[in-house]
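Breakdown of the fold
The primary structure of each chain is shown beneath.
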Amino acid sequence: MIASDKTLIRLNGLSKHYGRLTVLDGIDLEVKAGEVLAIIGPSGSGKSTLLRCINYLEPPDGGTITVDDIVIDAGNPIGRAALSGLRRRVGMVFQSFNLFPHMSVLRNISLPQERVLGRSRKEADARSMQLLSRVGLADKAEQFPIRCSGGQQQRIAIARALALDPEVMLFDEPTSALDPELGLEVLAVMRELAKSGMTMIVVTHEMGFAENVSDTVMIMADGNIVEKGPSKEIMRNPQHERTKRFLRAVHDR
Amino acid sequence: MNGLDLMPLFRGLLWTITLTGGAFLIGSVLAVPLLLARRSRVWLVRFVAMSVIQIVRGIPPILWLFIIFFGLGMGFLPVSPFGAALAGLGLIAAANMAEIYRGALSSIHFGQFEAANALDLGRWSTFRDVVAPQAFRVALPTAASYLIGLMKETAVASTIGVTELAFHGKQMSQLTFRGLEVYALVGLFYIALSLPVAWASRAADSRLRARVAR
């Protein structure tokens with residue numbers, strides 16, 4: 001259920017090229033506050049690039065990005081303030097977790113709060129412990145990431161991103177590096193997060209998540225949006241031939 | 001050692017330590033701007049930094065000391081033997097340390113930079129909190145073994161008259177005609193210097209590894 005009618009993210013004509021290769025071919029997209037959008041599609045379709053353009057990990061070549069009150073015109077060089085504003089509103093979770101291996105779990109979550117939001121160590125640690133409890137890992141606070149399973153590391157990475165109070169969370173194939181069981185514990189955390197009303201954009205190969213947790217599903221191919229709509233409709237009754245072919249391939253596995 | 005006055009060797013030891021420490025310090029600090037220049041976005045800056053590193057590393061240390069002491073020193077820029085040795089070895093250490101730093105930096109997974117960017121840590125915090133501590137751990141064993149190499153390299157300073165360990169060893173062997181004993185002793189002094197460095201580096205490394213194993 002989408003709780004709100006407010007559009008939180010708006011992309012207009014977002015494009016990205018690597019040399020002559022067009023990776024994003026003018027993407028228009030709107031995501032409402034509280035909406036959970038799953039992006040699916042074959043490898044090389046541009047779905048990860050789209051996600052990484054939204055928080056400017058990859059600078060797009062053209063188009064505009066609007067997140068909340070931040071508007072960025074990708075044609076022009078981006079200023080430090082706009083970049084900061086964008087990244088503070090957008091949290092990101094990576095396929096490979098990317099926790100800081102030389103810091104304890106607690107420090108991984110607290111340090112960004114101190115550096116970015118200026119919270120005191122005490123405030124930051126309190127918030128970190130609260131989030132660790134939420135993802136079920138309060139007992140791991142003093143451990144180093146290497147001592148945690150992949151699923152635990154990903155839940156810690158989610159807590160780390162949430163600690164900065166983002167408006168929207170981006171997930172770049174968050175379970176692809178995990179075996180199915182460990183993937184489940186991450187998906188459970190994401191499901192809880194979705195229920196709590198967090199706006200989420202999830203690039204995923206988890207068709208169950210796309211169908212049952214997300215509000216909207218979008219299929220991408222060759223840098224374009226093939227089809228987008230309410231998740232159950234798209235997953236059960238796709239209209240477009242490219243979508244049918246992709247879903248058939250997924251189900252046949 | 002009956003009859004050998006060891007005091008000159010201890011005085012020489014002090015100069016060897018000073019020269020090694022000084023050159024290593026200069027190198028460790030100078031290597032930072034050198035590395036930054038090597039990673040500059042400007043092609044010309046990158047080219048100059050790379051050339052400096054290649055030239056400095058490509059010429060034997062003894063030749064560098066001759067160039068500075070006999071070349072620049074005679075007339076252009078009068079310099080003491082110790083000053084020339086410190087400048088030459090410091091320069092060589094800078095070029096080598098820049099390469100050690102570069103290797104350590106390139107060992108850091110790009111995901112670390114991406115995570116730091118996505119969290120909006122900013123350049124300074126990304127360097128201080130994320131990159132430097134991890135790079136330090138990687139660079140530590142290489143830097144320590146380079147320090148030991150540099151310590152032995154300081155013996156070339158004896159050729160321009162710096163009164164360090166090798167200089168006094170040569171002098172003492174010529175005075176006493178007991179070359180084998182004298183040079184064996186000098187060798188022991190060098191070993192005694194390298195052991196604590198190797199030991200400290202190994203201890204620090206295993207301490208860090210136990211905490212941060214990847």
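None of the values given here were measured: they were computed from a predicted structure.

What counts, and where the lines are drawn
Residues numbered from 1 in each chain as written. Chains lettered and ligands numbered in written order. Predicted model: local features only at pLDDT ≥ 70, side-chain atom pairs only at ≥ 80, totals over all residues. Heavy atoms only, no water. Helix = DSSP H or I, 4+ residues; strand = E, 2+ residues; numbered from the N terminus. Buried < 20%, exposed > 50% of the residue type's maximum accessible area, 1.4 Å probe, protein only. Contact = heavy atoms within 4.5 Å. Areas by Shrake-Rupley, 256 points an atom, 1.4 Å probe, with all protein chains shown as cover. Buried area = accessible area lost by both parts, 1.4 Å probe. Salt bridge = Lys/Arg side-chain N within 4 Å of Asp/Glu carboxyl O. Polar contact = N/O pair within 3.5 Å; in protein donor to acceptor, adjacent residues only side chain to side chain. Nonpolar A, V, L, I, M, F, W, Y, C, P; charged D, E, K, R; others polar. Axes fitted to C-alpha atoms, helices over the stretch in contact; angles between N-to-C directions. Left-handed = near helix turned anticlockwise from the far one by under 90°. 1 Å grid on protein atoms, 1.4 Å probe; cavity = no way out; pocket = protein on both sides within 12 Å on 5 of 7 lines; lining within 4 Å. Points joined across faces, edges and corners; volume = space filled by probe spheres on them. Patch = residues over 30% accessible without salt bridge, like charges linked within 9 Å, V, L, I, M, F, W, Y side chains within 5 Å. pLDDT = per-residue confidence, 0-100. Parallel < 35°, antiparallel > 145°, perpendicular 65-115°, else oblique. UniProt positions renumbered as here; feature names shortened; annotations may be inferred.

1. What to know about the overall build of chain B
A tally of regular secondary structure across chain B gives eight helices and zero strands. Mapped in sequence order, the helices and strands of chain B form the string α-α-α-α-α-α-α-α. The principal-axis extents of the C-alpha atoms in chain B amount to approximately 70 × 45 × 20 Å. Within the span of chain B, comprising 214 residues, buried residues form 43% of the whole. Within chain B, contacts between residues separated by at least 24 positions form 76% of all contacts whose residues are at least 6 apart in sequence. Roughly 11400 Å² of accessible area belongs to chain B as shown, and the carbon and sulfur atoms make up 72% of that amount.

2. Re the environment of Glu241(A)
Here Glu241(A) lies in helix 9 (residues 241–251). As a C-alpha pair, Glu241(A) and Glu227(A) span 14 residues in sequence and 9.9 Å in three-dimensional space.

3. A short note on the interface of chain A and chain B
On the chain B side, the residues contacting the 26 residues of chain A number 23 residues. Taking both partners together, chain A and chain B bury about 2000 Å²; carbon and sulfur atoms supply 60% of that area. On inspection of chain A and its partner chain B, the count reaches four salt bridges. The closest approach of N and O atoms between Arg115(A) and Asp129(B), which form a salt bridge, is 2.7 Å. Counting across the interface, chain A meets chain B through nine residue pairs in polar contact (both at pLDDT 80 or more). Those elements giving two or more residues to the side of chain A that touches chain B turn out to be helix 2 (80–89), strand 6 (90–93) and helix 3 (105–117) of chain A. Broken down by class, the residue content of the side of chain A that touches chain B amounts to 14 nonpolar, five polar and seven charged.

4. Notes on the pattern of salt bridges
Following the criterion strictly, the structure yields 20 salt bridges over all chains and no others. For Asp120(B), the salt bridge identified is with Arg88(A), shortest N-O distance 3.2 Å. Taken as a pair, Asp120(B) in the loop between helix 5 (110–118) and helix 6 (122–153) and Arg88(A) in helix 2 lie in two separate chains rather than in one. The class of Asp120(B) is buried, set by a relative accessible area of 5%. Two residues, Glu99(B) and Arg38(B), come together in a salt bridge whose shortest N-O distance is 3.4 Å. Of this pair, Glu99(B) sits in helix 4 (residues 81–106) while Arg38(B) sits in helix 1 (residues 7–38), and the two are 61 residues apart along the sequence. Using a relative accessible area of 17% as the deciding quantity, one classes Glu99(B) as buried. A single network of salt bridges, built from pairs that share partners, joins Lys6(A), Asp68(A), Asp69(A) and Arg89(A).

5. So, the packing of helix 4 of chain B against helix 6 of chain B
All names here are of chain B. Orientation of helix 4 relative to helix 6, taken along the N-to-C sense of each, is 150°, at an axis distance of 9 Å. Considering the relative orientation of helix 4 and helix 6, their crossing is right-handed. Facing helix 4, whose interface residues are Leu 89, Ile 92, Ala 93, Asn 96, Met 97, Ile 100, Ala 104 and Leu 105, helix 6 presents Val 131, Ala 135, Val 138, Ala 139, Thr 142, Ala 143, Tyr 146, Leu 150 and Glu 153. A per-class count over the contact of helix 4 with helix 6 returns 14 nonpolar, two polar and one charged.

6. Quick notes on empty space enclosed by the protein
The probe, sized like a water molecule, is rolled over the atoms to show the empty space still left. As enumerated under the stated definition, the model contains one cavity of 30 Å³ or more in all. In this structure, the largest cavity occupies an estimated 90 Å³ of space. Forming the boundary of the largest cavity are 14 residues, of which Gly91(A), Met92(A), Ala161(A), Ala118(B) and Leu119(B) lie nearest the centre. Those elements that provide at least two residues to the lining of the largest cavity are helix 2, strand 6 and helix 5 (150–162) of chain A together with helix 5 of chain B.

7. Observations regarding a nonpolar patch on the surface
Where nonpolar side chains cluster on the molecular surface, the patch consists of Ile62(B), Leu63(B), Phe66(B), Ile67(B), Phe70(B), Leu72(B), Met74(B), Phe76(B) and Leu77(B) and spans about 860 Å² of accessible area. Within the secondary structure, Leu72(B) sits in helix 3 (residues 61–72).

8. Focus on the layout of surface pockets
Residues and elements named next belong to chain B. Roughly 1500 Å³ of internal volume is contained in the largest pocket. In this structure, the largest pocket is lined by 42 residues; those nearest its centre are Leu 36, Arg 39, Leu 105, Phe 127 and Val 131. Tallied by class, the residues present in the lining of the largest pocket amount to 28 nonpolar, six polar and eight charged.

9. A few points about the environment of Phe76(B)
Residues and elements named next belong to chain B. One can find Phe 76 in the loop between helix 3 and helix 4. Judged by relative accessible area, which is 68%, Phe 76 ranks as exposed. A C-alpha to C-alpha distance of 31 Å links Phe 76 and Leu 147, two positions 71 residues apart in sequence.

10. As for the confidence of the model for chain B
All names here are of chain B. Averaged over every residue, the pLDDT of chain B is 91; the share at 70 or more is 96%. For chain B, per-element mean pLDDT is lowest for helix 8 (residues 179–212), which scores 87, and highest for helix 5, which scores 96. Across the assembled chains, the prediction reports ipTM 0.92 with pTM 0.86.

11. A few points about the packing of helix 2 (residues 43–58) of chain B against helix 4 of chain B
Angle between the axes and distance between the axes: these two values describe a pair of packed helices. All names here are of chain B. Remark: helix 2 packs on helix 4, axes separated minimally by 9 Å, with the N-to-C direction vectors making an angle of 120°. By the angle between their axes, helix 2 is oblique relative to helix 4. Judged by the sense of rotation from one axis to the other, the crossing of helix 2 with helix 4 is left-handed. When helix 2 is examined against helix 4, the residues Ile 53, Val 56 and Arg 57 are found in contact with a partner set consisting of Leu 91, Ile 92, Ala 95, Asn 96, Ala 98 and Glu 99.

12. Focus on the UniProt feature "domain: ABC transporter" (unreviewed entry) in chain A
In the numbering adopted here, UniProt assigns the feature "domain: ABC transporter" (unreviewed entry) to residues 9–247 of chain A. Counting secondary structure, residues 9–247 of chain A comes out at 39% helix and 27% strand; the distance between its end C-alpha atoms is 27 Å.

13. Comments concerning the side chain of Glu164(B)
All names here are of chain B. For Glu 164, the position within the fold is in the loop between helix 6 and helix 7 (165–176). Polar side-chain contacts of Glu 164 include one of 3.3 Å to the backbone nitrogen of Ala 166. At 3.4 Å, the side chain of Glu 164 forms a polar contact with the side chain of Tyr 190. Every residue in contact with Glu 164, bar those within four places of it in the chain, is listed here: Gly 12, Trp 15, Thr 16, Thr 154, Ala 155, Ala 157, Ser 158 and Tyr 190.

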